[in-house]
Amino acid sequence: MLSNSLIELDRAHLVHPVASYRGHEASGARVLASAKGAVLTDASGHQLVDGFAGLWCVNAGYGHESIVEAAAKQMRELPYATGYFSLASEPAIRLAAALAERAPGDLNHVYFTLGGSDAVDSTVRFIHYYWHVKGQPQRDQFITLQQGYHGSSTVGAGLTALPAFHANFGVPLNWQHKIPSHYAYRNPVGSDPAAIIAASLAALEIKIAEIGGPERVAAFYAEPIQGSGGVLVPPEGWMKAMRERCRHHGILFVADEVITGFGRTGPLFACTDDDIVPDFMTVAKGLTSGYVPMGAVLMSDHVYGVIADGAGAAAVGHGYTYSAHPVSAAVGLAVLDLYENGLLENGRRAGARLMAGLRALQDHPLVGEVRGRGLLAAIELVVDKEKKTPLPAIAEPSRRIFDRAWANGLVIRAFPTGVLGYAPPLCCSDADIDAIIERTARTLDQTLADPDVRQAMP
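The residue numbers shown here count from 1 along each chain, following its written sequence. This being a predicted model, a pLDDT of at least 70 is required before a residue's local features are given, and a value of 80 or more before pairs of side-chain atoms are given or counted; all residues contribute to the totals for chains, interfaces and linings. Computation of side-chain values covers all heavy atoms of the structure but excludes hydrogens and water.

**A short note on the nonpolar core**
General note: in soluble globular proteins, nonpolar side chains tend to be found buried as a group. Put simply, the test is: Residues grouped as a nonpolar core are buried Ala, Val, Leu, Ile, Met, Phe, Trp, Tyr and Cys residues, joined through side-chain atoms within 4.5 Å. A 1.4 Å probe rolled over the protein chains alone gives each residue an accessible area, and that area as a share of the maximum for its type sets the label: buried under 20%, exposed over 50%, partly exposed in between. Residues are treated as being in contact if the distance between any of their heavy atoms lies within 4.5 Å.
Residues Phe220 and Tyr339 are the most contacted members of the largest nonpolar core, which totals 88 residues. Setting aside chain neighbours within four positions, we find Tyr339 in contact with Asn59, Ala60, Phe262, Leu268, Gly286, Ser289, Leu344 and Leu426. Ala119, Trp175, Phe280 and Ile307 belong to the second-largest nonpolar core, a separate cluster that totals 22 residues.

Right, here's the structure in full:
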């Protein structure tokens, strides 16, 4: 069979991201064949609701002909245009203008990348340049959060604070520092929002002092919701408090909206609900709904002005061959049109239904916490609700739960910590959301029946 030959070719040649290479060779690939709306079909004909939108990215859903046509039209007319030598294409210019118009505050300048990781890398380069031309090159230390995710490049993986991205890679680098996450469910100060905010501010101050004072710190990075760390939602006002403390110290603030952007939490950008204007904002994923690769760095007027004036007649030596790719930009414009002509509104309705449905599972014996905002949500599983004891490692939560959900017709993110992550497309119908809830409940019941899970329960 064709699918079997593909699986063997995959085993022999295709290196998968963030995978156990030997484990993948043993298990083989699940080959996806087609998709429409929020539903995937694999090579065997098995249909699944995509509760994770690919990798938090297919926000618009699958199979939009307007997106396909925009890409095909651009490929026929101008399949590539470099941004070097002051050249440009119409789609890239129009997309940059559209993003600047819709972004919070004075984030009026857009540098296009291929995705989220190189968007984060670009911010690091721009930030170094900014402080050098301001005559403060000693501001070369960067602070992020534990359980934060800022990409998988060498620099980004160091800013990331997840063990798998550090092990055997020689990161984090000595200028990359971490403070504890706001993680309300397991925060040592408890779940009170004011206490969590105060603890985070205190931790930031301690870290700044350890580094050598504000005059050493270049930037602080934060996701409006920590995605790959387990969908950790900060208390209301947390982002604003951290942003203001950074402003007080003259530290640049970077909002990483690679996951939260483009309707994932409700509005086009989560920073809108957080009522902040960062110095930089990174986006990707939903920018093109995953149909083609693209990311972007949005920088504020004052940052752009410092860099531009500092460079003067000299070139700012940062660029990518595929920056502002015209096909990706054309897709971005088509996707933005879909967001603003019904998808954002549908996403808000679907998000409310998703959160209500997941919260209805709160009484399940394995559910410790349900958290989320819009169409970005998580269930944290425990074997003891009172002690918040995680599922035992022997239960292999990431593998078993993913496999069970798949068999039940559902794709979710199953974290090794026993957290189930949800990020379905904004196009989801009521039936799609209800299927996610029903299939999650079935998966939870099957996991509850595991002897090693039962044995770990009080």
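**Details of the sheet that holds strand S10 (residues 295-299)**
Note the cut-off: For two strands to be treated as a pair, DSSP must find no fewer than two bridges joining them. Secondary structure elements are taken from DSSP: a helix is a run of H or I of four residues or more, a strand is a run of E of two residues or more, and numbering for both begins at the N terminus. What counts as an axis is a line fitted to C-alpha atoms, over the stretch in contact for a helix, and the angles between N-to-C directions run from 0 to 180 degrees.
Reading across from one edge, S4-S10-S9-S8-S7-S5-S6 is the order of the 7 strands in this open sheet, with mixed pairing throughout. Both edges of this open sheet fall to strand S4 (109-113) and strand S6 (176-179), since each of them pairs with a single strand only. Across the sheet, the axes of successive neighbouring strands diverge by a mean angle of 20 degrees, strand direction being ignored. The pairing of strand S9 (residues 280-283) with S10 spans 4 bridges and is classified as antiparallel. When the sheet's bridge partners are listed, Val283 is paired in S10 with Ala296. Helix H8 (residues 193-211) contacts strand S5 (141-145), S6 and strand S7 (217-222) of the sheet and is inclined by roughly 150 degrees relative to S6.

**Some remarks on the packing of helix H5 (residues 90-102) against helix H12 (residues 326-359)**
To keep it simple, the criterion reads: In what follows, roughly perpendicular refers to angles from 65 to 115 degrees, roughly parallel to angles under 35, roughly antiparallel to angles over 145, and oblique to any angle outside these ranges. Crossing handedness follows the turn of the near helix against the far one: under a right angle anticlockwise gives a left-handed crossing, and clockwise gives a right-handed one. Under this grouping Gly is polar, as are all residues other than the nonpolar Ala, Val, Leu, Ile, Met, Phe, Trp, Tyr, Cys and Pro and the charged Asp, Glu, Lys and Arg.
The interhelical angle for the contact between H5 and H12, taken along N-to-C directions, is 40 degrees, at an axis separation of 8 Å. With respect to their mutual orientation, H5 and H12 come out oblique. As for how H5 packs across H12, the hand of that crossing is left-handed. Across the interface between the two elements, Pro91, Ala92, Arg94, Leu95, Ala98 and Arg102 of H5 pack against Pro326, Ala329, Ala330, Gly332, Leu333, Leu336 and Glu340 of H12. In terms of residue class, the contact of H5 with H12 is made up of 9 nonpolar, 1 polar and 3 charged.

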